[in-house]
Amino acid sequence: MSETMHAVAVTGEREATLIRMERPEPKRNEIQIRIRACALCTWEQRVFIREKETPLPLVGGHEIAGEICALGADVDESKYPVGAPVTGRVQKACHSCYYCRRGEPTQCVELNTFRLNGPAVYGMGGLAEYICLDRSAVWRYENGVPFEQMALTEPLACVLNSIRRGDPHMGDDAVVIGGGVMGQLHLLCLEKLGVRTILSEPDPARRAFAQAHGCRITIDPARESAVERVLQLTGGRGAETVFNTTAVSAVEEDAIRMTGKLGRCVTYSSQHPDSPVPVSPNWLHNSEAVLTGAVNPGITSFDQAVNLIGKGILSLDDLVSAVYPKERATEAFEEALKPSTYRVVIRL
Ligand SMILES: [Zn+2]
Ligand SMILES: [Zn+2]
């Protein structure tokens, strides 16, 4: 008779329920983690409001932090002591597909094939008391880092992958469009790189948050053309790097128009709806600009994120807007959906 555990499952529209399910046991190379905190990503929020059609119940969650609980037979306890604080890269890297072998695990073909415990429950499984991950997907933290901050490793890693694609250099201008949690994470990282950060965001509270955390210039796109302002700030050239963290296709058009010659424009957010935007092939030809995207956390960027949080180089405290116990998961999801919150974390 196998043991059971609690998990937070989306069970209907705007309904998150505590369910009991089988507790996973570690295979030979796996580490069983007792999850203590899991942050609610936009993907889970879309499932909660049923904007994203999935089988139900669904146990989402991939932004996790916890402690090592048990080890598979082949895992060395001296490297992974029971009780050590850890985070994990819940999305899979198979290490053997075309993309993994080219060192690009963000495109791994098995990345989103993760499915929990047979046909009864779907999802990535971070919103549960226990998860088992291959040891290659587990990162240790030093003692003393709060679980809520450790849970932000995954979103930070996604942002670091985006910054790698944008490749800003010291002294450059970097525009971030959108001041939600992902935009703010971009700004915090870019600030460390010695670039002039420029945020375009209509919400005054988000602009103020960015300014209080070091953002150099903020633009209110409801009052002035963000494109015009960026051109004016850059001697008419446009910025070296632009990151679009919003889901609005019309904004994507602006992002491209703000990008200077030889610049790089990164589409960070998925688009809803995914409306095509016009791009002048002659502009592309003449500007030698690069239009690219960023999706998922890489393995290297995960490592960087652990270092940035673990060494205290970045403090993400202020981005944790609220913490809820697992028994109040529906409230946590509702809170996460509010535009005024950054990340909401569930304690498990
Ligand atoms: Zn996420
Ligand atoms: Zn792969």
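As shown above, the structure is provided for reference.
Residues numbered from 1 in each chain as written. Chains lettered and ligands numbered in written order. Predicted model: local features only at pLDDT ≥ 70, side-chain atom pairs only at ≥ 80, totals over all residues. Heavy atoms only, no water.

K.L.:
Describe the coordination of the zinc ion (ligand 2), listing the residues and the values that go with them.
P.N.:
Note on the zinc ion (ligand 2): its protein donors are Cys94 (SG), Cys97 (SG), Cys100 (SG) and Cys108 (SG). The metal-donor distances range over 2.4 Å. In this structure, the zinc ion (ligand 2) is coordinated by 4 donor atoms arranged in tetrahedral fashion, with angles at the metal of 102 to 119°. Read from N- to C-terminus, the donor residues coordinating the zinc ion (ligand 2) fall into the pattern C-x2-C-x2-C-x7-C. Accessibility expressed as a relative area gives 14% for Cys100, which makes it buried. Classification of Cys108 as buried rests on a relative accessible area of 6%. (Donors = N, O, S within 2.8 Å, 3.2 Å for Na, K, Ca; no water. Tetrahedral: all angles 85-135°; square planar, octahedral: opposite > 155°, others 65-115°. Buried < 20%, exposed > 50% of the residue type's maximum accessible area, 1.4 Å probe, protein only.)

K.L.:
Provide a residue-level description of the coordination of the zinc ion (ligand 1), including the pertinent values.
P.N.:
Each donor-metal-donor angle would ideally measure 109.5 degrees in four-coordinate tetrahedral geometry, or 90 or 180 degrees in six-coordinate octahedral geometry. Of the protein atoms, only Cys41 (SG), His62 (NE2), Glu63 (OE) and Glu154 (OE) coordinate the zinc ion (ligand 1), at distances of 2.2 to 2.6 Å. Bound by 4 donor atoms, the zinc ion (ligand 1) shows angles of 86 to 169° at the metal and therefore irregular coordination geometry. Sequence positions of the donors to the zinc ion (ligand 1) reduce to the motif C-x20-H-E-x90-E. Linking Cys41 in the loop between strand S3 (30–39) and helix H1 (42–48) with Glu154 in helix H4 (residues 153–166), this pair joins segments that are 113 residues apart in sequence. (Helix = DSSP H or I, 4+ residues; strand = E, 2+ residues; numbered from the N terminus.)

K.L.:
Lay out the sheet that holds strand S11 (residues 239–244) in plain terms, naming residues and giving numbers.
P.N.:
In spatial order, the strands read S10-S9-S8-S11-S12-S13; together these 6 strands make up an open sheet with parallel pairing. Looking along the sheet, the strands with just one partner apiece sit at the ends: strand S10 (217–219) and strand S13 (290–293). When strand polarity is set aside, the average angle formed by the axes of neighbouring strands in this sheet is 20°. Where strand S8 (residues 173–177) meets strand S9 (residues 196–200), 5 bridges bridge the pair, whose relative direction is parallel. Each bridged residue has a counterpart across the sheet, and for Asp173 the counterpart in S9 is Arg196. Where helix H7 (residues 226–233) meets the sheet, its contacts fall on S8, S9, S10 and S11, and the angle it forms with S10 comes to roughly 150°. This element, helix H8 (residues 249–258), spans S8, S11, strand S12 (259–267) and S13 of the sheet and lies at about 150° to S12. (Pairing = 2+ DSSP bridges. Axes fitted to C-alpha atoms, helices over the stretch in contact; angles between N-to-C directions. Contact = heavy atoms within 4.5 Å.)

K.L.:
Tell me what's going on with the pairing of strand S4 (residues 63–71), and back it up with residues and numbers.
P.N.:
Taken together, the 8 bridges between S3 and S4 define a ladder with antiparallel strand orientation. Bridge assignment links Ala37 to a residue of S4, and that residue is Ala65.

K.L.:
A description of the environment of Ala255 should follow, citing residues and the corresponding values.
P.N.:
Following the sequence through the fold, Ala255 ends up in helix H8. Note: C-alpha distance between Ala255 and Val176 (79 residues apart in sequence) is 9.0 Å. With near-sequence residues (within four places) excluded, Ala255 lies in contact with Ile177, Val242, Asn244 and Cys265.

K.L.:
Let's hear about helix H11 (residues 329–337): which residues, and what values?
P.N.:
All of the buried residues in H11 are Ala329, Ala332, Phe333, Glu335 and Ala336. Each buried residue of H11 lies within a common arc of 160° when the element is viewed along its axis, so the set occupies one face. (Arc of directions from axis to C-beta.)

K.L.:
Describe the packing of aromatic side chains, listing the residues and the values that go with them.
P.N.:
Per the stated rule, a full pass over the model turns up 4 aromatic pairs. Here Trp139 and Phe302 contribute two aromatic rings whose centre-to-centre distance is 4.7 Å and whose plane-to-plane angle is 35°, an arrangement assigned as tilted. Linking Trp139 in strand S7 (residues 138–140) with Phe302 in helix H10 (residues 299–310), this pair joins segments that are 163 residues apart in sequence. By relative accessible area, which is 11% here, Trp139 ends up buried. Relative accessible area serves as the criterion here: at 0%, Phe302 is assigned to the buried category. The lysine or arginine in question, Arg34, covers the ring of Tyr130, its NZ or CZ lying 5.4 Å from the ring centre. (Phe/Tyr/Trp six-rings, centres within 6.5 Å; stacked < 30°, edge-to-face > 60°. Lys NZ or Arg CZ within 6 Å of the ring centre and 35° of its normal.)

K.L.:
Summarise the side chain of Glu252; cite the residues concerned and give the values.
P.N.:
Position of Glu252 relative to the elements: it lies in helix H8. The buried charged residue Glu252 lacks any salt bridge partner; its closest oppositely charged side chain belongs to Arg257, at an N-O distance of 13 Å. When neighbours within four sequence positions are excluded, Glu252 is seen to be in contact with Asn244, Thr267, Gln271 and Val277. (Lys, Arg positive; Asp, Glu negative; His and termini not counted. Salt bridge = Lys/Arg side-chain N within 4 Å of Asp/Glu carboxyl O.)

K.L.:
Residues and numbers for H8, please.
P.N.:
For an α-helix, 3.6 residues make a turn, and residues three or four places apart therefore share a direction. Along H8, the residues classified as buried are Ser249, Val251, Glu252, Ala255, Ile256 and Met258. The buried residues of H8 all sit within an arc of 160° when viewed along its axis, so they share a single face. In this structure, the buried side of H8 is in contact with S8, H7, S11, S12, helix H9 (281–287) and S13.

K.L.:
Describe the pattern of salt bridges, with residues and values.
P.N.:
Pairing between side chains becomes possible if they bear opposite charge and their charged atoms approach one another. Within the structure shown, the criterion is met by 22 salt bridges. Between Glu201 and Arg206 there is a salt bridge, and its shortest N-O distance comes to 3.4 Å. The buried category is assigned to Arg206, whose relative accessible area is 19%. One salt bridge in this structure joins Arg328 and Glu331, with 3.0 Å as the shortest N-O distance. Relative accessible area serves as the criterion here: at 39%, Glu331 is assigned to the partly exposed category. Within the structure, one salt-bridge network assembled from shared partners comprises Arg34, Glu129, Lys326 and Glu327.

These figures come from the coordinates and say nothing about function on their own.
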